[in-house]
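Descriptive analysis of the structure
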Amino acid sequence: MIAFILRRLMVAVPVLLLLVVVTFVLMYAAPGSPFATERGVPPFVLANLEREYGLDRPFAVQIWTYVSRIVTQFDFGPSFVYRDQDVNDLIRQGFPVTLTYGFWAFLLAVLVGGTLGIVAAIRHNSWLDYLAVGISVGAQVLPNFVLAPILVLVFTLWLGWLPGGGWRGGQAEYIVLPVIALGTSYMASIARIARASMLEVLSSNFIRTARAKGLPGWRIVLHHALKPALLPIVSYLGPAFVGMITGSVVIDIAFSTGGIGQFFVASALNRDYGVMMGITVLFGALTIFFNLLVDVAYAWIDPKIRY
Amino acid sequence: MKRLTLLASVATLAAATLAAATAATAPAALAAEVAPGDTLAEDQTFSYSILDQFPTLDPQLNEEVQGSHVISQLFEGLTRQDGDGNVIPAGATQWTSEDNTVWTFTLRDDAKWSNGDPVTAADYVYAWRRAADPATASPYSWYVELSSIAGAAEVISGAAAPDTLGVEAVDDHTLKVTLTQPLPFFPAVVTYATFMPTHEATVEAFGPDWTKPGNIVSNGAYTLEELAVNEFFRLAKNPQYWDAENVQITEITGYIINDRNQSVTRWEAGEFTMMDDLPAGTYPDLLAQYPDETFSTPRLCSYFYAINVTESGNPALQDVNVRRALSYMLDRNVIVDQVLKGGQLPAYNFAHVQTAGFEPPEIDYASWSQQERMEKARELMAQAGYGPDNPLELDLIYNTSDDHKALATVAAQMWKPLGVNITLSNYEWQSYIDIRGEQNFDLARSGWCGDYNEASTFLDLLTTTHGSNDGKYSNAEVDALMKASRTMENPNEAYTEVEQIVADEMAIIPVYHYTQNFLLDDDIRGWPMNNVENNWYIQDIYRVVTE
């Protein structure tokens, strides 16, 4: 197992490097410049800006400088748009925010979604099942960019219970709405997967055997059915967690959380080369890491899997 | 920031007013004068929402509107604007000039930095050199050159050292500026952030981090206390400010809210005091709901479609009849009243009709009824050989935005009866600038905001060599008139003539003149409603007790 993890980590390095190079090339191939403005920047002003950011040097030198600075100093360089901040500053400020509400949304999705799905499967074709399916279908069809304004309308404007946005260092009342808006559709997906997989496991031979032996229902579910039923959920959770963090652009915009998700889109639109690269590398690394985590979890859950 | 259609950047006043004001003396107090009968509220805080995080609070690096609003609270330049847009003394108490070319500013002797250091002429010299210095790499350094300061071009291009710039500290409280040409409105030019002083020791000590809370030292009415990127920032009253006793608002909070509809909801929930730039079409409903808190004031910008008259455009556009037909066919009243609904003014000429000292010319088709315009348009189009049987295919480009899209869709529908088939293409902003600048379009959505409150800031755009003349309209007469206007006693005559030519030749398709639509709590007094450049200083406002 340790050898497997090490091997995977070693592969991750060239994958990340490849990601950096490909993103770098794509970024430069895109039309537009971070310094372009409506009225046009005079050539000598543009020259000063390009010198400041090293854009006047040959492409190969630029990419080499960039990569070696990351490897040796873990420095992602300056932002091309936010002159008062460098990329490390922006990640240091924004990432903990995203991680915090991402974590709570993940927890909400797993706990509520998992419970709903499993309860629905155990009480198959009962009113509980219909209710759970109803909730999860409803939550699934409500995208977060629709849900977010509705939440603000209800909880901020009408009820006045919660602030409509902001973060303020992660105070509880600022976290609630982003977590609900982000977690809901994931919760629905998890509920559906959990229900389907639990149903399948409950109708398998070894469960019938356990029932025949006269084991109590809760024991069958907890000790025998749960673990195999988790497998499809776990394979969903890894990408889902990364998705929650990267897909949080809607949440960041709707709730002004200051999270890092919005840079994902904004940096590309602004041609903020520095931030775009930094975010891509960060999310690339996260994706690789969580995929590895899922693979390890597989081995733990399913004894048939060996590495 | 980049999403802004225009850069309302420079704050200036009509040259005419200023020429008379070459020597000015400071009034007793500048900041909020509480009107008789007003009772100050206990809560003197102000908060507002902005659409995008500003890129910098460094006065010399700033190039956009939201940042310059915050910088205007943190820093104080030689001059600033009052509620009507007039230039008033600020860091300088008075100024004189020799032939409008050599300017001498007398600084107030009681001005202090937020750390207690006195503000001296050397601080201005340092800042101005820094703005031009290629090592600073300011995207706004061209503004120093535009201001005609001697040696600016050479310094910016690296041909001369920064200390050769034509600005000099005669003594601690006297600043002398030498220009390359007479500029009667120079005191208005220096209201902008680029020319605000910076504290050398702080900049040198912290480098690029000097504007961060805890590091920054400023000389304005407020200091920066907190800043969380893309979330919020907070300013507090600066006790060291020379006029602090007349500053009523004790705290300013800005919220960065990327979604304007969310912003409206949060304002309605009472989360902040002011929100500008309302979503298109929401003004009438908000006005009905909050009649005392919804405002529409003129804003010095014009919206138009640029027409590509070069060879890369559809050749039909080189026919003046086609250009006129397109313009006539556009029902601006429908656009203004039913699409935008924010009190915008239908435009038949280019310069905003509220531009100071500008008398809008009598454009013939402005006085026709829409029915007459449409009949004329059909006639002209038929003359040009186009119609429903022989349709004209045009490519209209706009930068990605719901508002531009709505307007372009409506325009395309209006042109359809002429036999004009419009293909709409939208591009995100940074690509859009490139595509439009390279004339890869037939019609292009454009907007222009006045750099200063005088008509030449608009009309110069239609001269042959102007960098933002993206349709490449060129008329020798227009060029000559605009050049002559600079030294004319009454440049308005030239402007009228230019507008007539532009309307006859339909160099562009004017669509509407902007308004500023905003929400403001009804207990705020002193808001500068008549400042068409939308420059505000929170030190001028205060909260009152309302019933």
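The paragraphs below set out a description of the structure included in this document. Predicted model only: the values in this text are computed from it and were never measured. (Residues numbered from 1 in each chain as written. Chains lettered and ligands numbered in written order. Predicted model: local features only at pLDDT ≥ 70, side-chain atom pairs only at ≥ 80, totals over all residues.)

This part covers the overall build of chain B. Scanning chain B from N- to C-terminus turns up 18 helices and 19 strands. Against the compact-globule benchmark of 24 Å for 547 residues, chain B has a radius of gyration of 24 Å, which places it among compact chains. If one aligns the C-alpha atoms of chain B with their principal axes, the spans along those axes are about 75 × 55 × 40 Å. Here chain B, with 547 residues, has 53% of them falling under the buried criterion. (Helix = DSSP H or I, 4+ residues; strand = E, 2+ residues; numbered from the N terminus. Rg over C-alpha atoms; globule rule 2.2 N^0.38 Å. Buried ≥ 20, exposed ≤ 12 C-beta atoms within 10 Å, placed from the backbone.)

Counting residues at the interface gives 45 residues for chain A and 44 residues for chain B. Residue classes in the side of chain A that touches chain B are distributed as 20 nonpolar, 18 polar and seven charged. (Contact = placed C-beta atoms within 7 Å. Nonpolar A, V, L, I, M, F, W, Y, C, P; charged D, E, K, R; others polar.)

Let us look at the nonpolar core. Of all hydrophobic cores here, the largest spans 166 residues; its most connected members are Ala-105, Ala-148, Ala-181 and Ile-190 of chain A together with Trp-128 of chain B. At 16 residues, the largest contribution of residues to this core is made by helix α7 (residues 172–202) of chain A. Within the second largest apolar cluster, 68 residues are counted, among which are Phe-304, Leu-394, Leu-418 and Trp-448 of chain B. (Core = buried A, V, L, I, M, F, W, Y, C linked by C-beta atoms within 7 Å.)

This part takes up the packing of helix α4 (residues 87–122) of chain A against helix α5 (residues 127–141) of chain A. Helix-helix packing is described using two parameters, namely the angle between the two axes and the distance between the axes. Residues and elements named next belong to chain A. Viewed as axis vectors pointing N to C, α4 and α5 meet at an angle of 145 degrees, and their least axial separation amounts to 8 Å. Where α4 crosses over α5, the two elements pack in a sense that is left-handed. Residues Leu-116, Val-119 and Ala-120 of α4 form the contact with α5, whose own contacting residues are Leu-128, Asp-129, Ala-132, Val-133, Ile-135 and Ser-136. (Axes fitted to C-alpha atoms, helices over the stretch in contact; angles between N-to-C directions. Left-handed = near helix turned anticlockwise from the far one by under 90°.)

Next up on the list: the environment of Ala-148 of chain A. Residue and element names in this part refer to chain A. Position of Ala-148 among the secondary structure elements: in helix α6 (residues 144–158). With 24 C-beta atoms counted inside 10 Å, the residue Ala-148 sits in the buried group. Sequence spacing of Ala-148 and Ile-253 is 105 residues, and the spatial spacing of their C-alpha atoms is 9.8 Å. Filtering out sequence-adjacent residues up to four positions away, Ala-148 remains in contact with Ala-181, Val-250, Ile-251, Ala-254 and Phe-255.

Once that is clear, we can look at the sheet that holds strand β5 (residues 102–107) of chain B. Residue and element names in this part refer to chain B. Spatial ordering of the open sheet is given by β4-β5-β7-β6, a layout of four strands whose pairing is antiparallel. Each of the sheet's edge strands pairs with one partner strand only, and the pair in question is β4 (92–98) and β6 (167–171). Direction aside, neighbouring strands of the sheet carry axes that sit 20 degrees apart on average. As judged from the six bridges shared by β4 and β5, these two strands associate in the antiparallel manner. The partner of Trp-95 across the bridge, within β5, is Phe-105. Relative to the sheet, helix α3 (residues 121–132) contacts β5, β6 and β7 (174–178), its axis offset from that of β6 by approximately 170 degrees. (Pairing = 2+ DSSP bridges.)

Pairing of strand β1 (residues 45–50) of chain B with strand β10 (residues 251–256) of chain B, which is carried by six bridges, proceeds in the parallel orientation. Each residue of the ladder has a partner; that of Tyr-48 of chain B, found in β10 of chain B, is Gly-254 of chain B.

Let's shift gears to the pairing of strand β12 (residues 294–307) of chain B. All names here are of chain B. Of all the 14 residues making up β12, eleven are buried; the element is thus mostly covered by neighbouring parts of the structure. Bridge count for β12 against strand β17 (residues 508–520) is ten bridges, and the pairing is antiparallel. Bridge pairing links Thr-297 to Gln-516 in β17. The pairing of β12 with strand β16 (residues 443–449) spans seven bridges and is classified as antiparallel. From the neighbouring strand, Ser-302 faces β16, where its bridge partner is Trp-448.

Let us now look at unusual backbone geometry. Residue and element names in this part refer to chain B. The residue Asn-230 is not glycine, and still its phi comes out positive at about 65 degrees. Along the chain, Asn-230 falls in the loop between β8 (222–228) and β9 (232–237). Among the residues examined, Asn-230 registers 26 C-beta atoms within 10 Å and is labelled buried. For Met-506, which is not glycine, the phi torsion reads 50 degrees and is therefore positive. Positionally, Met-506 belongs in the loop between α18 (492–505) and β17. When the 21 C-beta atoms within 10 Å are taken as the criterion, Met-506 is described as buried.

What is shown is where atoms sit, not what they do.
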